Amino acid sequence: MSRNPLVREVSPTSWFFRHPRYLRYMSREITSIFVGAYCVLLVVAVQRLAAGREAWEGFLLALQGPASIAFHLLALVAAVYHAATWFNATQKAMPLQIGEEFLPGNVISGAHYVAWAVLSGGVLFLAGVI
Amino acid sequence: MPPAQPGTVSAADAAPHGGAVASPGRPGGSKERTVQLEVLRYNPDTDTEASFQRYAVVCPEEGVVLDALNEVKASVDPTLNYRWSCHMAVCGSCGMMINGEPKLACHAFLRDYAGVIRVEPLAHFPIERDLVTAPDDFMEKLKRVKPYLIPKESKPIDAGEYKQTPAQLMKFRQYSMCINCMLCYAACPEYGLTPRFIGPAALTLAHRYNQDSRDGGRKQRQEVAATHEGVWECTFVGACSEVCPAHVDPASALQQMKIASSVDWIVEHLIPGGNGS
Ligand code: SF4
Ligand code: FES
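Residues numbered from 1 in each chain as written. Chains lettered and ligands numbered in written order. Predicted model: local features only at pLDDT ≥ 70, side-chain atom pairs only at ≥ 80, totals over all residues. Heavy atoms only, no water.

1. Looking at the packing of aromatic side chains
Going through the model one piece at a time under the given rule, you end up with 12 aromatic pairs over all chains. Grouped by ring-pair contacts, the aromatic residues A:Trp15, A:Phe16, A:Phe17, A:Tyr22 and A:Tyr25 constitute a single cluster. We note B:Arg111 situated over the ring of B:Phe109; from NZ or CZ to the ring centre the distance is 4.4 Å. The ring of B:Phe52 carries the charged tip of B:Arg118 above its face, separated from the ring centre by 4.0 Å. (Phe/Tyr/Trp six-rings, centres within 6.5 Å; stacked < 30°, edge-to-face > 60°. Lys NZ or Arg CZ within 6 Å of the ring centre and 35° of its normal.)

2. Re the packing of helix H6 (residues 200-210) of chain B against helix H7 (residues 218-225) of chain B
Angle between the axes and distance between the axes are the two parameters that describe a pair of packed helices. Residues and elements named next belong to chain B. Where H6 contacts H7, the two axes come as close as 10 Å, and the packing angle between them is 160°. As the angle between them shows, H6 and H7 are arranged roughly antiparallel. Every pair of crossing elements has a handedness; the one defined by H6 and H7 is left-handed. Across the interface between the two elements, Leu 203, Ala 206, Tyr 209 and Asn 210 from H6 touch Arg 218, Arg 221, Gln 222 and Ala 225 from H7. (Axes fitted to C-alpha atoms, helices over the stretch in contact; angles between N-to-C directions. Helix = DSSP H or I, 4+ residues; strand = E, 2+ residues; numbered from the N terminus. Parallel < 35°, antiparallel > 145°, perpendicular 65-115°, else oblique. Left-handed = near helix turned anticlockwise from the far one by under 90°. Contact = heavy atoms within 4.5 Å.)

3. As for the side chain of B:His124
Relative to the assigned elements, B:His124 resides in the loop between strand S7 (117-120) and strand S8 (127-129). Overall, B:His124 belongs to the buried group, its relative accessible area being 16%. In this structure the side chain of B:His124 is engaged in a polar contact, spanning 3.1 Å, whose partner is the side chain of A:Arg18. Leaving out residues up to four positions away in the same chain, B:His124 has contacts with A:Arg8, A:Val10, A:Arg18, B:Tyr185, B:Ala186, B:Ala187, B:Cys188, B:Pro189, B:Tyr191 and B:Gly192. (Buried < 20%, exposed > 50% of the residue type's maximum accessible area, 1.4 Å probe, protein only. Polar contact = N/O pair within 3.5 Å; in protein donor to acceptor, adjacent residues only side chain to side chain.)

4. Some details on the site of ligand 1
Looking at ligand 1, there are 13 residues lining it, with B:Cys178, B:Cys181, B:Met182, B:Cys184 and B:Cys244 nearest. Across the shell around ligand 1, the residue classes tally to 12 nonpolar, 1 polar and no charged. (Near = heavy atom within 4 Å. Nonpolar A, V, L, I, M, F, W, Y, C, P; charged D, E, K, R; others polar.)

5. Observations regarding unusual backbone geometry
All names here are of chain B. The backbone of Lys 146 sits at a positive phi, close to 50°, despite the residue not being glycine. Residue position: Lys 146 is located in the loop between helix H2 (136-144) and helix H3 (166-173). Residue Lys 146 is classed as partly exposed on the basis of its relative accessible area, which comes to 27%. The phi torsion at Asp 249 lies on the positive side, around 60°, for a residue other than glycine. The topology assignment puts Asp 249 in the loop between helix H8 (239-243) and helix H9 (250-270). The class of Asp 249 is buried, set by a relative accessible area of 15%.

Okay, here's the thing in structure tokens:
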């Protein structure tokens, strides 16, 4: 029998439209852009702080603008989605075997949520918010 | 083989499309229904591209897509090609795309599908003929990860068996359940985009042996697994685990391998006295 296999190319630019699970994956990847942008903002904040009181106050003022508030809201949503999907995935990356049994996955993910809440509380406490 | 052509070919005794009719001949008077299939066809001898062909056949409602294909082959079109063997989700040979989802045709219940069912060969593999794909690449990759026990130290047969506790067995048991159906490869966009990726099932099998208390071959497997075409090509889309019919969870195996490989790197490069110093 002659062989003449038909090779089908995968489109590098539109493959993620093929299935909703790929769109979910891409939406998570896109949240990284906001997380990254927020990190840049933090670096700029430190730089402004080092540049003196005037620079710092100007920076704080700029943060109060509507564009900045919109960005912060978007970044918050993206960071929460990114973190939650990551915590849900941790049970796959680090299953814990105890004897012959495995710790239920939601205990592992749950522990991450608890750690998240405790650390966030600590940060808010240090910031004087609570 | 007749060229693939549009239009519906149906069994002579087909019931009205979409209708359900009682089958007095079947035990319990189970229902039958007309199943409409849209099957991607490709003849390597005459075609330069694949095209869809419609079929309509009457099948028991409790049947699976494989039953419908068998009915097409038996009563409508004997030229239709596809692979199957066990009809019980064990042999792994009947993998195909059913309505865009990688599925075992013997495990895709007709009752879960309304309307025309679109059946295509497994994505990301070359089409050999109709629904038959060429698994050569997967087979090659399987070999590369050395999916067999490489004993830590070999001992003579009369020294007895290599013993294992139930807990040691549980460490890898799940990863040994793979039936080599390749659904995970059809689901994995990384494999589709970067075919050199060793891919979910082969890497998971490497993990299965790495986790085995009797095995000492991890270092050899890492030469393939801990590379850019190995686990580091995986971006954790997780589709492999969603489609795996044997609940192997390749995504879990690959993430564990990434963590273990990272630990290797840290030990080697950052810890004084590690292997690399
Ligand atoms: S890991 Fe699952 S989906 Fe992949 S080949 Fe094995 S059984 Fe099939
Ligand atoms: S025929 Fe064996 S898995 Fe479907």
